[in-house]
Amino acid sequence: MKEGRILKALGGFFFVHCPQEDKVYRCGIRGRLKQAGIDVISGDLVEFTLLEDGSGIVESRKQRDNYIFRPPIANVERVIITSAIKEPDLHPKLLDRLLILAENAGLDIIICINKVDISGLEEAKNILSDYERVGYKVIYTSVKEEIGINQLRDVLQDKVSFFAGPSGAGKSSLLNAIQPGLQLKMGEVSCKIKRGRHTTRHVELLALDNGGWVADTPGFSVLDITSIESNELQYLFPEMDDYLDGCKFIPCSHSHEPKCAIKEGVKGGGISESRYQNYLEFLEEIKKKEEKSWRR
Ligand SMILES: Nc1nc2c(ncn2[C@@H]2O[C@H](COP(=O)(O)OP(=O)(O)OP(=O)(O)O)[C@@H](O)[C@H]2O)c(=O)[nH]1
Ligand SMILES: [Mg+2]
Ligand SMILES: [Zn+2]
């Protein structure tokens, strides 16, 4: 039996990389896996056997370390949350959604702000200062002016990572700049609406020369966070950690309660007002969903 990692699923086949041979096998899958409800996606580690014609059959799937729902990918360590400041415009709410989903999945997080040739580097740094203060690592890049590409390549080394972020931010372009020859599909940002077209359509893990594995993923603009529990949300904002012990009421939702250390933190400037407002909005959204499911 051979072992390997699923790089992509396409047309009913799975492309499995075998590390010992550094070779990719096209595999089918045993019907009994499907019958048992075991699905196989990019990033999964599997065992497979070889057929006479040189193709393979996936026999079993190993336990997943983690599993990302959107994009569907398993066993990843690091996410590169990619946005631009302009073309497309930065949406802090979408950024915060991506951040809490990544925190919830226990991923290592890097924020990449691309297209600084359009926004200006200083402007970009100003806008992201709240996030740097929280402790997030932010890499500023421009594919056009070749800024920050080496830094980005370095954080992908020897890790399994994926790019996530809105369409048109430049995820595929960045990967092509990191390793020319990857030949990813790229789209034009439409001049009229300044929005990218959805050009990356499936999730595929790609091998980097520096030992990293990385997945380009399709962009998106809406993200559901209601799989998170309302009382867990506070732990997904790292800047709140130091304050949580100070609230008078336990539990405290940090919304309407008096003597709330989080609200004090916002007043004192230790917690950013806009991140706090997003916390409140997400909390409402999650609570609404929870109430609905209780009523059922
Ligand atoms: N000015 C400028 N344009 C860029 C930069 N990076 C990418 N672009 C352009 O932005 C457009 C969108 O880039 P893509 O790489 O396709 O964006 P994407 O994030 O992969 O988009 P989806 O696949 O739709 O999610 C392309 O026309 C790129 O040439 C940059 O740093 N500066
Ligand atoms: Mg793309
Ligand atoms: Zn509180």
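This structure is a prediction, so every number in the text was calculated from the model and none was measured. (Residues numbered from 1 in each chain as written. Chains lettered and ligands numbered in written order. Predicted model: local features only at pLDDT ≥ 70, side-chain atom pairs only at ≥ 80, totals over all residues. Heavy atoms only, no water.)

> Sorry if this is basic, but what is going on with the overall build of the chain here?
For the chain, the count of helices and strands is eight helices and 13 strands. In terms of overall dimensions, the chain is globule-like: its C-alpha atoms have a radius of gyration of 21 Å, near the 19 Å expected for 296 residues. Taken along the three principal axes of its C-alpha coordinates, the chain extends 70 × 50 × 35 Å. Residue burial in the chain is summarised as follows: out of 296 residues, 48% are buried. For the chain, restricting intrachain contacts to residue pairs at least 6 apart in sequence, the fraction spanning at least 24 positions comes to 63%. (Helix = DSSP H or I, 4+ residues; strand = E, 2+ residues; numbered from the N terminus. Rg over C-alpha atoms; globule rule 2.2 N^0.38 Å. Buried < 20%, exposed > 50% of the residue type's maximum accessible area, 1.4 Å probe, protein only. Contact = heavy atoms within 4.5 Å.)

> Where do I start with the sheet that holds strand 1 (residues 2–10) in this structure?
Paired through their backbone hydrogen bonds, the strands of a sheet run either parallel or antiparallel. Taken in spatial order, the five strands of this closed barrel run 1-2-3-5-4, and their pairing is mixed. Looking at each pair of strands side by side, their axes are set apart by 55 degrees on average, direction ignored. Here five bridges tie strand 4 (residues 45–50) to strand 5 (residues 56–61), and the two strands are oriented antiparallel to one another. When the sheet's bridge partners are listed, threonine 49 is paired in strand 5 with isoleucine 57. (Pairing = 2+ DSSP bridges. Axes fitted to C-alpha atoms, helices over the stretch in contact; angles between N-to-C directions.)

> Which parts of the structure should I look at to understand unusual backbone geometry?
Across residues other than glycine, the phi torsion is negative in most instances, and most of the peptide bonds are trans. At the junction of glutamate 87 and proline 88, the peptide bond is cis and its omega measures out at 0 degrees in the coordinates. Along the chain, proline 88 turns up in the loop between strand 8 (78–84) and helix 2 (92–104). Note the cis peptide between isoleucine 250 and proline 251, where omega equals 0 degrees. Note that proline 251 resides in the loop between strand 13 (213–216) and helix 7 (261–268).

> What should I look at first to understand the coordination of the zinc ion (ligand 3) in this one?
For a metal bound by four donors in a tetrahedral arrangement, the ideal donor-metal-donor angle is 109.5 degrees, while six donors in an octahedral arrangement ideally sit at 90 or 180 degrees. Coordination of the zinc ion (ligand 3) by the protein is provided by Cys247 (SG), Cys252 (SG), His254 (ND1) and Cys260 (SG), with metal-donor distances spanning 2.1 to 2.4 Å. Classification of the site at the zinc ion (ligand 3) as tetrahedral follows from its four donor atoms and the range of 102 to 115 degrees in their angles at the metal. Sequence positions of the donors to the zinc ion (ligand 3) reduce to the motif C-x4-C-x1-H-x5-C. In terms of burial, cysteine 252 and cysteine 260 fall into one category: buried. (Donors = N, O, S within 2.8 Å, 3.2 Å for Na, K, Ca; no water. Tetrahedral: all angles 85-135°; square planar, octahedral: opposite > 155°, others 65-115°.)

> I keep staring at the pattern of salt bridges and nothing clicks. Help me out?
Pairing between side chains becomes possible if they bear opposite charge and their charged atoms approach one another. Overall, the coordinates contain 15 salt bridges when judged by the stated rule. Salt-bridge contacts for arginine 64 lead to aspartate 44; the nearest nitrogen and oxygen are separated by 2.8 Å. In this pair, arginine 64 is assigned in the loop between strand 5 and strand 6 (67–68) and aspartate 44 in the loop between helix 1 (31–35) and strand 4, connecting sequence segments 20 residues apart. With a relative accessible area of 17%, arginine 64 lands in the buried category. The class of aspartate 44 is buried, set by a relative accessible area of 0%. We note a salt bridge from arginine 133 to aspartate 130, for which the minimum N-O separation is 3.3 Å. (Salt bridge = Lys/Arg side-chain N within 4 Å of Asp/Glu carboxyl O.)

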